[in-house]
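Spelled out from the first residue to the last, the chains are:
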Amino acid sequence: RAVLQCSGNGRSFFTPTIPGVAWGRGAVGNALWEGFRLRDLLESCGPLDGNAHVHFLGADGPPLPKTPAWVRSIPLDRAMADDVLLATRMNGDELPALHGGPVRLVVPGWAGNHWMKWVRAIVVAKEEAPGFYQRAGYRLPKSPVPPGAVVPPEDTVPVTWMNVKSLIARPAGGDRLRPGPVELRGVAWTGRGRIARVEVELDGQWRDAELFGPDEVGSWRSWKLAWTATSGRHVARSRATDTLGET
């Protein structure tokens, strides 16, 4: 089980605005992935000595003539981990074409830009993959910089592990409810650890939610909270804490 989240999830909330798909909160999902270890395939192809990265090419071409090709790579040490898969099945069924079938890369805990769909070529190399989306896009400064600063690509590192995050799934923002018992539900996930706690703030007061469902590294955790709603307008927020202490 693993969370697939676009690294641009929530991009529409940034100020100033930034280019790319204007995702709100919904560019994320959780599924059961099955397939075979990438490590087993790589080891079967011969010695890997002297290499540090694994490049992936998918079958989809650029949507526009001026759009760069989508080529990504991951470090060899991450590629050799037990949980990195070339998936052929999703939630017990054959992997649908819409989700990258017949085979896609699954990198639990890492942002979705690494999860190459429709894999058609894999190359082991000494350097990172070439191209805009590896050398310039989906990267972070190595150290904090002032807002709006121009950072040379050599002073950046790729986006990799996801940060801890939570969502209120229902009620949805703006819903109109009847006064009385209401159950809030949502999900929370993180990168390296597991979700240890979810708190929900209602009208300025924080309280602990109940966690339920699978408690596994890489998977999201479901939560719920019982609340008695009164007439009026209410604001709810959630926050999660993982087993590494990140909030």
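Turning our attention to the nonpolar core. Ranked by internal contacts, the top residues of the largest apolar core, which has 26 residues, are Trp33, Leu38, Leu42, Phe56 and Leu105. Sorting the residues of this core by element identifies α1 (38–44), β4 (53–58), α2 (76–79), β6 (85–90) and β8 (104–106) as the ones contributing at least two each. The greatest single-element share of this core, amounting to 4 residues, is contributed by β6. Contacts of tryptophan 33, omitting those with residues within four sequence positions, involve Ala2, Leu85, Ala87, Arg89, Met90, Leu95, Arg104, Val106 and Trp115. With 14 residues, the next largest nonpolar core counts Leu184, Ile195, Val200 and Ala209 among its residues.

Moving on to the sheet that holds strand β16 (residues 210–212). Pairing in this open sheet of 4 strands is antiparallel, and the strands run β12-β13-β17-β16 from one edge to the other. Each having just a single partner strand, β12 (165–170) and β16 make up the two edges of the open sheet. Averaged over all adjacent pairs, the angle separating strand axes in this sheet is 30°, with direction ignored. Bridging between strand β13 (residues 180–189) and strand β17 (residues 221–229) involves 9 bridges; their strand directions are antiparallel. Each bridged residue has a counterpart across the sheet, and for glycine 186 the counterpart in β17 is tryptophan 223.

Before going further, it helps to spend a moment on the layout of surface pockets. Here the second largest pocket defines a volume of roughly 880 Å³. For the second largest pocket, the lining is made up of 32 residues, of which Pro171, Ala172, Gly173, Gly174 and Ala236 are closest to its centre. Secondary structure elements with two or more residues in the lining of the second largest pocket: β12, β17 and β18 (236–242). By residue number, the principal contributor to the lining of the second largest pocket is β12, which donates 5 residues. A per-class count over the lining of the second largest pocket returns 15 nonpolar, 11 polar and 6 charged.

Okay, the environment of glycine 50 next. Residue placement: glycine 50 occurs in the loop between α1 and β4. Here the alpha-carbon distance between glycine 50 and lysine 126, two residues 76 residues apart in the chain, equals 6.7 Å.

As for its position among the elements, serine 166 is in strand β12. A polar side-chain atom of serine 166 sits 2.8 Å from a polar atom in the side chain of serine 238. Aside from chain neighbours lying at most four places away, what touches serine 166 is Val187, Ala188, Ser238, Arg239 and Ala240.

About the criteria used
- Residues numbered from 1 in each chain as written.
- Predicted model: local features only at pLDDT ≥ 70, side-chain atom pairs only at ≥ 80, totals over all residues.
- Heavy atoms only, no water.
- Core = buried A, V, L, I, M, F, W, Y, C linked by side-chain atoms within 4.5 Å.
- Buried < 20%, exposed > 50% of the residue type's maximum accessible area, 1.4 Å probe, protein only.
- Helix = DSSP H or I, 4+ residues; strand = E, 2+ residues; numbered from the N terminus.
- Contact = heavy atoms within 4.5 Å.
- Pairing = 2+ DSSP bridges.
- Axes fitted to C-alpha atoms, helices over the stretch in contact; angles between N-to-C directions.
- 1 Å grid on protein atoms, 1.4 Å probe; cavity = no way out; pocket = protein on both sides within 12 Å on 5 of 7 lines; lining within 4 Å.
- Points joined across faces, edges and corners; volume = space filled by probe spheres on them.
- Nonpolar A, V, L, I, M, F, W, Y, C, P; charged D, E, K, R; others polar.
- Polar contact = N/O pair within 3.5 Å; in protein donor to acceptor, adjacent residues only side chain to side chain.

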